[in-house]
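Below, each chain spelled out in residue letters.
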Amino acid sequence: MRVALAFAAGSLFGLGLVISGMTDTSKVQGWLDILGAWDPTLAFVLAGAILPMALAWRLSRRWSGPIAGGAFPAAPKREIGRDLVLGALLFGAGWGLVGLCPGPALAALVWGGPMAVLFLAAMAAGMMMAIPARRHLRLA
């Protein structure tokens, strides 16, 4: 049951990314180009993601657990630290350079061809480098 629910939720998420234009790298880069030919349409996509998530966080406080079992994830930390800022900078730089972030990159595998596979491989390598890089930064 959990696998079927996860597959359905992931498929719905991927379909939403494709329909909204989040897998179109030129559209994403247009959204990020605030000093050039800015395309504000992805603001509706972002707002459309924030509103249901805020509602879900509120409702989850009243429920004993997820429908498929297990536990709800802990609320995110509220403090802004070095790791958050560095991660946000790296994420934003990658998103701006390529026009994809992890979710849309996975959805782009359907039609993105070899470039989508190359991007996912580079993204995975970057994620694997994050742990040793974090250790190195903490020692510095």
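Residues numbered from 1 in each chain as written. Predicted model: local features only at pLDDT ≥ 70, side-chain atom pairs only at ≥ 80, totals over all residues. Heavy atoms only, no water.

**Some thoughts on the packing of aromatic side chains**
Thinking step 1. Considering all chains together, one arrives at 2 aromatic pairs under this definition.
Thinking step 2. Where F91 meets W95, the ring centres are 6.1 Å apart and the plane angle is 40°; that geometry is what we call tilted. Of the two residues, F91 and W95 are both situated in helix 4 (residues 82-98); the distance of 4 residues between them amounts to about one turn of the helix.
Thinking step 3. The exposure class assigned to F91 is partly exposed, which follows from its relative accessible area of 43%.
Thinking step 4. Since its relative accessible area comes to 14%, W95 is described here as buried. (Phe/Tyr/Trp six-rings, centres within 6.5 Å; stacked < 30°, edge-to-face > 60°. Helix = DSSP H or I, 4+ residues; strand = E, 2+ residues; numbered from the N terminus. Buried < 20%, exposed > 50% of the residue type's maximum accessible area, 1.4 Å probe, protein only.)

**A word on the side chain of S20**
Thinking step 1. With respect to the helices, strands and loops of the structure, S20 is situated in helix 1 (residues 2-20).
Thinking step 2. By relative accessible area, which is 19% here, S20 ends up buried.
Thinking step 3. At 3.1 Å, the side chain of S20 and the backbone oxygen of L17 are in polar contact.
Thinking step 4. Leaving out residues up to four positions away in the same chain, S20 has contacts with K27, L42 and V45. (Polar contact = N/O pair within 3.5 Å; in protein donor to acceptor, adjacent residues only side chain to side chain. Contact = heavy atoms within 4.5 Å.)

**Looking at helix 2 (residues 25-32)**
Thinking step 1. All buried positions along helix 2 are accounted for by V28, G30 and W31. Down the axis of helix 2, the buried side of the element spans an arc of 160°, and every buried residue falls inside it.
Thinking step 2. Packed against the buried residues of helix 2 are helix 3 (42-60) and helix 4. (Arc of directions from axis to C-beta.)

**Comments concerning the side chain of T23**
Thinking step 1. By the element assignment, T23 lies in the loop between helix 1 and helix 2.
Thinking step 2. Take T23: its relative accessible area is 4%, and that puts it in the buried class.
Thinking step 3. Contacts of T23, omitting those with residues within four sequence positions, involve L17, V18, L100, P104, A107, A108 and W111.

**Some details on the packing of helix 2 against helix 3**
Thinking step 1. Taken N-terminus to C-terminus, the directions of helix 2 and helix 3 make an angle of 90°; their axes are 10 Å apart at the nearest point. Between helix 2 and helix 3, the angle falls in the class roughly perpendicular. In contact with K27, V28 and W31 of helix 2, helix 3 contributes L42, A43 and L46.
Thinking step 2. For the contact of helix 2 with helix 3, the class distribution of residues is 5 nonpolar, no polar and 1 charged. (Axes fitted to C-alpha atoms, helices over the stretch in contact; angles between N-to-C directions. Parallel < 35°, antiparallel > 145°, perpendicular 65-115°, else oblique. Nonpolar A, V, L, I, M, F, W, Y, C, P; charged D, E, K, R; others polar.)

**Overview of a positive patch on the surface**
Thinking step 1. Side chains of R58, R61, R62 and R78 sit close together on the surface and give a patch of like positive charge.
Thinking step 2. As for its position among the elements, R58 is in helix 3. (Patch = residues over 30% accessible without salt bridge, like charges linked within 9 Å, V, L, I, M, F, W, Y side chains within 5 Å. Areas by Shrake-Rupley, 256 points an atom, 1.4 Å probe, with all protein chains shown as cover. Salt bridge = Lys/Arg side-chain N within 4 Å of Asp/Glu carboxyl O. Lys, Arg positive; Asp, Glu negative; His and termini not counted. Charge placed at Lys NZ, Arg CZ, Asp CG, Glu CD.)

**Looking at the confidence of the model for the protein**
Should the pLDDT be low somewhere, the predicted coordinates at that spot are not to be read in detail.
Thinking step 1. When pLDDT is averaged along the protein, the result is 83; 99% of the residues meet or exceed 70.
Thinking step 2. Mean pLDDT in the protein bottoms out at helix 5 (residues 102-108), which sits at 81, and peaks at helix 1, which reaches 87. (pLDDT = per-residue confidence, 0-100.)

**Examining a nonpolar patch on the surface**
Thinking step 1. A surface patch of nonpolar side chains, amounting to about 420 Å² of accessible area, comprises I80, L84, V85 and L89.
Thinking step 2. Within the element layout of this structure, V85 appears in helix 4.
Thinking step 3. Judged by relative accessible area, V85 falls into the partly exposed class, the value being 41%.

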